[in-house]
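Letter by letter, the chains look like this.
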Amino acid sequence: MAVKLVIIGGVAGGATAAARARRLDESAQIVVFERGEHISFANCGLPYYIGGAIEERDDLLVTTKKSFAKRYNIDVRTNTEVTRIFPNTREVEAVDSASGKTYRERYDYVLLSPGAEPAKPPIPGIDLPGVYRLRNIPDADRIKTHVDERSPKTAVVVGAGFIGLEMVENLVDRGCSVTVVEMLNQVMPPFDPEMAGLIQAHLKDKGVDLRLGEQVSTIEEPAHGLAVRLKSGDSVPADLVVMSIGVTPENKLAKQANLQLGERGGIVVNSAMRTSDPRIYAVGDAVVIRDYITGFPTMIALAGPANKQARIAADNIMGRASVYRGSIGASIVKVFDIAAASVGLSEKQLNRYELPYLVSNTHSGSHASYYPGAEKLSIKLMFSPGNGRVLGAQIVGGEGVDKRIDVIATAIHGAMTVFDLEELELAYAPPYSSAKDPVNVAGAVAANVMRGDLEAVQWDYLDTLDAESYTLLDVRTPEELQEVGKAPGAVNIPIDELREKLDELDKTKTQILFCEVGLRGYVAHRILKQKGFDSENISGGFTTYEAMKESSGESVAERATSAKK
């Protein structure tokens, strides 16, 4: 007897599972319920449709109900919401929104792909006209209509995650003066502070007003437009407000079916994507999966993992054993002229999990410096102190961020080490890279740490030291100090003069070195170590210092200098 599979939800998870199931079993009866109008659409492209980069609305449609049903011989029921699952009788209850008819559908297996919905905190005024959330095409239509017809001059985006920053860029492109309100003291919460600082500096360069460490208390409707009142007491005027403060898993059906849920409300699944009910599978943003590196439970709201999970779930439902090995959370976001990407574990996560790790910060050119147009790529690499295994990375910069994060993602998937990154043979031509690709450079610096050739520390390391126990030594040129800036309290001896001026240094103190990006500091470190000095090099140099200062508002070097006084 043919298997009957009922899929609840389309888009990345449900539509992918339906297509895979059909390819595996031509005789299966497959029914897809989608409460919206579209069986599958590019929700990641919605901000760019609002901004105008994607001109045609139909370009957002991955497929249509008619073409999908015809190609895969699938019963597609859009505008139909499943309101309940009855595991005991193997039925689902559905409501057709057009007719209002309620009926039941039998199943052998159910696949849940409900996704996650934008969080809606109990803020007074959140339902006022002109306040929007962005999840689907109708949401995008409403925001775009507002922008097209009213030409707003000011906008407030609440939340500085992926969707929030994409909306910031696209609203600026539409002529809005944009204010970002974020309850944390940095943008892009998954990133570590110094990497977020690079993004913040770029946003400010683009004229974006950042209100970090702030929360919305109310949204009011004065005589003209809206007013977003903050808990600090400030009020920000706006012609348009977009709420983008995270997502929560849609778990109503799972709760009603008594499926096991995780601490954050996600649907718990095993490696086959099977829930606590053997006849019900679940995929996508609403499920609790395993972190590929640690094995710890996690939730990843990304399209790539959802597609892979859907394929694996369909395999198992149709009798082909298949295993989901977990996610490394590879992601990237465009922020005006730069990109910000991450993969694996951040330093914040490693600290939260109490896992041992080491860090390197490097700043390399996107391609050969002598070929015009090279842009800086800042790479933060986390790796194991035991064997050098790559644990995570974050990259912020211009062109080429995407391909570098993908190389490191591949390395993490293959359990490779920083020594492997150092040795990777990557394509090189002056317009595309350097003979030492930025990934090679990041690997080499980390490998130097592992070998003991480099004692690298972070800027916040200064906070742990007795202020009289070290000298902060800047080995840049005086011209750089004039052009780029200084770190408070630092002594300046240019690298090319260091050997001649060793007698000016106090051997009883640790020499903590830095330059612009870390290379000359490393050279100075090797000189001093071999001359009998105790020395350490600050990873990432002055560039990382500036990013940390941007993130914290006050640099650690300034705090250390204040302590000396």
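Residues numbered from 1 in each chain as written. Predicted model: local features only at pLDDT ≥ 70, side-chain atom pairs only at ≥ 80, totals over all residues. Heavy atoms only, no water.

Draft legend 1. Local environment of the overall build of the protein chain. Across its full length, the protein chain carries 16 helices and 33 strands. In terms of C-alpha radius of gyration, the protein chain reaches 27 Å, essentially the compact-globule figure of 24 Å for 565 residues. In the protein chain, buried positions account for 53% of the 565 residues. Of the contacts made within the protein chain by residues no fewer than 6 positions apart, 63% connect residues no fewer than 24 positions apart. Entry remark: accessible area of the protein chain is about 24,900 Å², with carbon and sulfur atoms responsible for 48%. (Helix = DSSP H or I, 4+ residues; strand = E, 2+ residues; numbered from the N terminus. Rg over C-alpha atoms; globule rule 2.2 N^0.38 Å. Buried < 20%, exposed > 50% of the residue type's maximum accessible area, 1.4 Å probe, protein only. Contact = heavy atoms within 4.5 Å. Areas by Shrake-Rupley, 256 points an atom, 1.4 Å probe, with all protein chains shown as cover.)

Draft legend 2. Molecular detail of helix H6 (residues 193-205). The end-to-end C-alpha separation of H6 is 18 Å, in line with the 18 Å expected for 13 residues at 1.5 Å each. If you check which residues of H6 are buried, you get Glu194, Met195, Ala196, Gly197, Ile199, Gln200, His202 and Leu203. Positive phi appears at Gly207, one or two residues downstream of H6, with a value of about 85 degrees. (Expected span 1.5 Å × (residues − 1).)

Draft legend 3. Molecular detail of a negative patch on the surface. Residues Glu55, Glu56, Asp58 and Asp59 make up a contiguous surface patch of negative charge. As for its placement among the helices and strands, Glu55 is situated in the loop between helix H2 (46-51) and strand S4 (61-63). Note on Glu55: relative accessible area 66%, which makes it exposed. (Patch = residues over 30% accessible without salt bridge, like charges linked within 9 Å, V, L, I, M, F, W, Y side chains within 5 Å. Salt bridge = Lys/Arg side-chain N within 4 Å of Asp/Glu carboxyl O. Lys, Arg positive; Asp, Glu negative; His and termini not counted. Charge placed at Lys NZ, Arg CZ, Asp CG, Glu CD.)

Draft legend 4. The pairing of strand S32 (residues 510-514), seen in detail. With 5 of 5 residues buried, S32 is to be regarded as a mostly interior element. Two strands pair when backbone bridges link them, and strand S30 (residues 470-474) and S32 are joined in this way by 5 bridges, in the parallel orientation. Paired with Tyr470 across the strands is Thr510, a residue of S32. The pairing of S32 with strand S33 (residues 535-538) spans 3 bridges and is classified as parallel. (Pairing = 2+ DSSP bridges.)

Draft legend 5. Seen up close, the sheet that holds strand S11 (residues 131-133). Spatially, S11-S18-S12-S13-S14 is the arrangement adopted by the 5 strands of the open sheet, whose pairing is parallel. Two strands close off the open sheet at either side, each with one partner strand: S11 and strand S14 (209-212). Across the sheet, the mean angle separating the axes of adjacent strands is 20 degrees when strand polarity is ignored. Where strand S13 (residues 177-182) lies against S14, 4 bridges are found, and the strand directions are parallel. The partner of Val180 across the bridge, within S14, is Leu210. (Axes fitted to C-alpha atoms, helices over the stretch in contact; angles between N-to-C directions.)

Draft legend 6. Here's a closer look at the packing of aromatic side chains. A full pass over the atoms with the stated rule returns 7 aromatic pairs. Measuring from centroid to centroid gives 6.5 Å for Phe33 and Tyr103, while their planes differ by 45 degrees, and the two rings are tilted. One end of the pair, Phe33, is in strand S2 (residues 29-34); the other, Tyr103, is in strand S8 (residues 102-106), with 70 residues separating them in the sequence. Of the two residues, Phe33 and Tyr103, both sit in the buried class. Connected via pairs of aromatic rings, a cluster forms that spans Trp459, Phe514, Phe542 and Tyr545. Over the face of the ring belonging to Phe86 we find Arg104, whose NZ or CZ atom lies 3.8 Å from the ring centre. (Phe/Tyr/Trp six-rings, centres within 6.5 Å; stacked < 30°, edge-to-face > 60°. Lys NZ or Arg CZ within 6 Å of the ring centre and 35° of its normal.)

So, to be careful, I would describe these as geometric facts and stop short of saying anything about function.
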